Amino acid sequence: MEHYIIIAMVELKCSGLLKKYEGKRALGPLNLDLKLSGITSIIGRNGAGKTTFIRILATELMPTKGRVELDGIDVINNPSELRNKIAIVPQESRPIPWMTPIQIVSSYLMLRGVGLKEAKMKAVDALKTVGLDEKFFNKLSHKLSGGMKRELMLATVIASDAKIIFLDEPTTGLDPISRKEVWRVLNKLKKDRLIILTTHYLEEAESLSDYIILINKGKVISAGTLADLINSLKYPYSIRASAKRVGIRVRNGVVIKSEKGMQILTTEKSAKTIIEKLIKKRVEFSFGKVSLDDIFYTLVGKEYENEE
Ligand SMILES: Nc1ncnc2c1ncn2[C@@H]1O[C@H](COP(=O)(O)OP(=O)(O)OP(=O)(O)O)[C@@H](O)[C@H]1O
Ligand SMILES: [Mg+2]
């Protein structure tokens, strides 16, 4: 396992930030003052507002109201200054089919002001970094598989030397090995830049993120390190048992039953009492802090269950 010192620390400030589409609120109003570093993951359900948020931060979309500042730059009034520092791979973006990976990455760099020779060298380096098979460097990009296209899009932003990189669902649709490959690249990149990504894979967000922003219905409902998120919960501990009934009354916590057994979310103190009882009853169980999945269901899922 390689370790890197994280040096990029970027401030994100929003006040009254609001985005409406055709009069319908999609995001905000957001009032935030966050210090982001390394890999920051934005998570939330479909339609929560993740893409809207990222596109506003990346100067691609104007908010309806409010102010937003990223790395000390006013995003709305000073977009061109910010654009030198950022690069984005939008959700479901695809490479131009009739260009080769080398052409795509180098022309992207040339648009950002890099000379032809340097652009080509940087393109090769970036394509190697993302692990694209060299056989495809000079093939038309429509011949690449879905995963390779993702790698190519990632290479364009990596090559740019941008301090802040936005990736909207960079691993959606990738096989498990390609996904791990992307993780490896992101972990390497984060040493001197901020990566803001969205994902629906919570185990991915859990293992990759230095910072997590949970959005629900356009509002930030939790933000911080995984430990911060866990500590903000009423029930930060989880006990799982394979039995569906254990004959224990849980006074301080919630019990979630499933096909595989049961899970109890509870406080540290109650967990101790419950565990003692489970041992006495010789019920097999596992115990630990809640996962990001549990946090997501606790903060977001319950609300929807109650609505149904
Ligand atoms: N161009 C648009 N016109 C009208 N409504 C839009 C537009 N783009 C997004 N929306 C709406 O804004 C809300 C937030 O959408 P957004 O794409 O930001 O969600 P998301 O969190 O990125 O979702 P997903 O996980 O599905 O990508 C949704 O209700 C969506 O229908
Ligand atoms: Mg989206």
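So, how was this worked out
- Residues numbered from 1 in each chain as written.
- Chains lettered and ligands numbered in written order.
- Predicted model: local features only at pLDDT ≥ 70, side-chain atom pairs only at ≥ 80, totals over all residues.
- Heavy atoms only, no water.
- Helix = DSSP H or I, 4+ residues; strand = E, 2+ residues; numbered from the N terminus.
- Expected span 1.5 Å × (residues − 1).
- Contact = heavy atoms within 4.5 Å.
- Polar contact = N/O pair within 3.5 Å; in protein donor to acceptor, adjacent residues only side chain to side chain.
- Near = heavy atom within 4 Å.
- Areas by Shrake-Rupley, 256 points an atom, 1.4 Å probe, with all protein chains shown as cover.
- Domains from an automatic or database assignment.
- Buried < 20%, exposed > 50% of the residue type's maximum accessible area, 1.4 Å probe, protein only.
- Patch = residues over 30% accessible without salt bridge, like charges linked within 9 Å, V, L, I, M, F, W, Y side chains within 5 Å.
- Salt bridge = Lys/Arg side-chain N within 4 Å of Asp/Glu carboxyl O.
- Lys, Arg positive; Asp, Glu negative; His and termini not counted.
- Charge placed at Lys NZ, Arg CZ, Asp CG, Glu CD.
- Donors = N, O, S within 2.8 Å, 3.2 Å for Na, K, Ca; no water.
- Axes fitted to C-alpha atoms, helices over the stretch in contact; angles between N-to-C directions.
- Parallel < 35°, antiparallel > 145°, perpendicular 65-115°, else oblique.
- Left-handed = near helix turned anticlockwise from the far one by under 90°.
- Nonpolar A, V, L, I, M, F, W, Y, C, P; charged D, E, K, R; others polar.
- Core = buried A, V, L, I, M, F, W, Y, C linked by side-chain atoms within 4.5 Å.

Undergrad: Residues and numbers for helix H6 (residues 176–189), please.
TA: A rise of 1.5 Å per residue sets the reference length of H6, with its 14 residues, at 20 Å; its end C-alpha atoms lie 20 Å apart and thus fit the reference within 8%. Close packing links the buried residues of H6 with strand E3 (39–43), helix H4 (116–129), helix H5 (146–159), strand E7 (164–168), strand E8 (194–198) and helix H7 (202–208). Among the residues of H6, the N-terminal cap falls to Asp175, whose side-chain oxygen and the backbone nitrogen of Ile177 are separated by 2.7 Å.

Undergrad: Explain the site of ligand 1 to me, and be specific about the residues and the numbers.
TA: Around ligand 1 there are 13 residues in total, and Gly47, Lys50, Thr51, Thr52 and His200 lie nearest to it. The backbone of Ala48 places a nitrogen or oxygen atom 3.2 Å from an oxygen atom of ligand 1. Within the side chain of Thr51, an N or O atom sits 2.7 Å from an oxygen atom of ligand 1. When ligand 1 sits alone it has 640 Å² of accessible area, and the protein chains cover 61% of it. Element by element, the count of residues in the shell around ligand 1 is highest for helix H1 (residues 50–57), at three residues.

Undergrad: Hey, could you go over the domain arrangement of the chain for me, with residue numbers and the actual values?
TA: When the domains of the chain are assigned, the result is domain 1 (9–230) and domain 2 (237–289). Spacing between the C-alpha centres of domain 1 and domain 2 amounts to 39 Å.

Undergrad: Just give me the short version of the environment of Val10, but keep the residues and values in it.
TA: Structurally, Val10 can be placed in strand E1 (residues 9–21). By relative accessible area, Val10 is classed as buried at 0%. Along the primary structure Val10 and Ser93 are separated by 83 residues, whereas in three dimensions their C-alpha atoms are 26 Å apart.

Undergrad: Describe in detail a positive patch on the surface, supporting the description with residues and values.
TA: There is a patch of like positive charges on the surface, built from Arg249, Arg251, Lys277, Lys280 and Lys281. By the element assignment, Lys280 lies in helix H9 (residues 268–280).

Undergrad: Explain the coordination of the magnesium ion (ligand 2) to me, and be specific about the residues and the numbers.
TA: In the first shell of the magnesium ion (ligand 2), the protein supplies Thr51 (OG1) and Gln91 (OE1), at 1.9 to 2.1 Å from the metal. Placement of Thr51 in helix H1 and of Gln91 in the loop between strand E6 (86–89) and helix H3 (101–111) is noted, with a sequence separation of 40 residues between them.

Undergrad: Can you break down the packing of H3 against H5 residue by residue, with the values?
TA: For the pair H3 and H5, the least separation of the axes is 9 Å and the interaxial angle reads 30°. Judged by the inter-axis angle, H3 sits roughly parallel to H5. Considering only the axes of H3 and H5, their crossing is right-handed. Here H3 contributes Pro101, Ile104, Val105, Tyr108 and Leu109 to the contact with H5, which in turn contributes Leu152, Ala155, Thr156, Val157 and Ala159. Partitioning the contact of H3 with H5 into residue classes produces nine nonpolar, one polar and no charged.

Undergrad: Which residues make up the nonpolar core, and what values go with them?
TA: One broad rule of soluble globular proteins: the nonpolar side chains tend to lie buried together. One finds Val105, Leu127, Leu154, Leu167, Leu186 and Ile195 to be the most contacted residues of the largest nonpolar core, which totals 37 residues. The set of elements that each furnish at least two residues to this core consists of E6, H3, H4, H5, E7, H6 and E8. No other element matches the seven residues that H5 contributes to this core. Contacts of Ile195, omitting those with residues within four sequence positions, involve Gly38, Ile39, Thr40, Ile165, Leu167, Leu186, Leu189 and Lys190. In terms of nonpolar packing, the next biggest core, distinct from the first, is built from 31 residues, Val10, Val75, Ile86 and Ile215 among them.

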